[in-house]
Amino acid sequence: MATKEEQKIAVEIKTFSDLSPMFAFHVAVGHFVNYQVMLEKLEPDRRLYSALR
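Rules of the game
- Residues numbered from 1 in each chain as written.
- Predicted model: local features only at pLDDT ≥ 70, side-chain atom pairs only at ≥ 80, totals over all residues.
- Heavy atoms only, no water.
- Helix = DSSP H or I, 4+ residues; strand = E, 2+ residues; numbered from the N terminus.
- Rg over C-alpha atoms; globule rule 2.2 N^0.38 Å.
- Contact = heavy atoms within 4.5 Å.
- Salt bridge = Lys/Arg side-chain N within 4 Å of Asp/Glu carboxyl O.
- Buried < 20%, exposed > 50% of the residue type's maximum accessible area, 1.4 Å probe, protein only.
- Polar contact = N/O pair within 3.5 Å; in protein donor to acceptor, adjacent residues only side chain to side chain.

### Some thoughts on the overall build of the chain
Okay, step 1: When you go through the chain residue by residue, the secondary structure sums to one helix and three strands.
Okay, step 2: Listing each helix as α and each strand as β along the chain from the N terminus yields β-β-α-β.
Okay, step 3: For 53 residues, the compact-globule estimate of 2.2 N^0.38 gives 10 Å, and the C-alpha radius of gyration of the chain, at 13 Å, exceeds that figure by more than 25%.
Okay, step 4: Oriented by its inertia axes, the alpha-carbon framework of the chain measures out at about 40 × 20 × 10 Å.

Structural data, given as structure tokens:
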């Protein structure tokens, strides 16, 4: 988590190194949705980003 000026962000970093890129993509989307739901409740002013590698 980071803060720049008054903007709060959180970044989730994912690497698609699994045998199935499609499976890894679905897992990453599921994690992103779960984190987003949690952040909306705990820190509604923080924006979530996902970095894919």
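### Thoughts on the environment of tyrosine 49
Okay, step 1: Here tyrosine 49 lies in strand 3 (residues 46-52).
Okay, step 2: A C-alpha to C-alpha distance of 6.2 Å links tyrosine 49 and alanine 10, two positions 39 residues apart in sequence.
Okay, step 3: Contacts of tyrosine 49, omitting those with residues within four sequence positions, involve Gln7, Ile9, Ala10, Val11, Glu12 and Phe32.

### Points about the pattern of salt bridges
Okay, step 1: Scanning all chains against the criterion turns up three salt bridges.
Okay, step 2: Residue aspartate 45 is joined to lysine 8 by a salt bridge in which the shortest nitrogen-to-oxygen separation is 3.2 Å. Here aspartate 45 is found in the loop between helix 1 (21-42) and strand 3, whereas its partner lysine 8 is found in strand 2 (residues 7-14), with 37 residues between them in sequence.
Okay, step 3: Residue classification places aspartate 45 among the partly exposed positions, given a relative accessible area of 48%.
Okay, step 4: On the basis of relative accessibility, which here comes to 27%, the residue lysine 8 falls in the partly exposed class.
Okay, step 5: The salt bridge involving glutamate 12 is made with lysine 14; its shortest N-O contact spans 3.5 Å.

### With respect to the side chain of lysine 14
Okay, step 1: Residue placement: lysine 14 occurs in strand 2.
Okay, step 2: Among the polar contacts made by the side chain of lysine 14, one reaches the side chain of glutamate 12 at a distance of 3.5 Å.
Okay, step 3: When neighbours within four sequence positions are excluded, lysine 14 is seen to be in contact with Ala28, His31, Ala51, Leu52 and Arg53.

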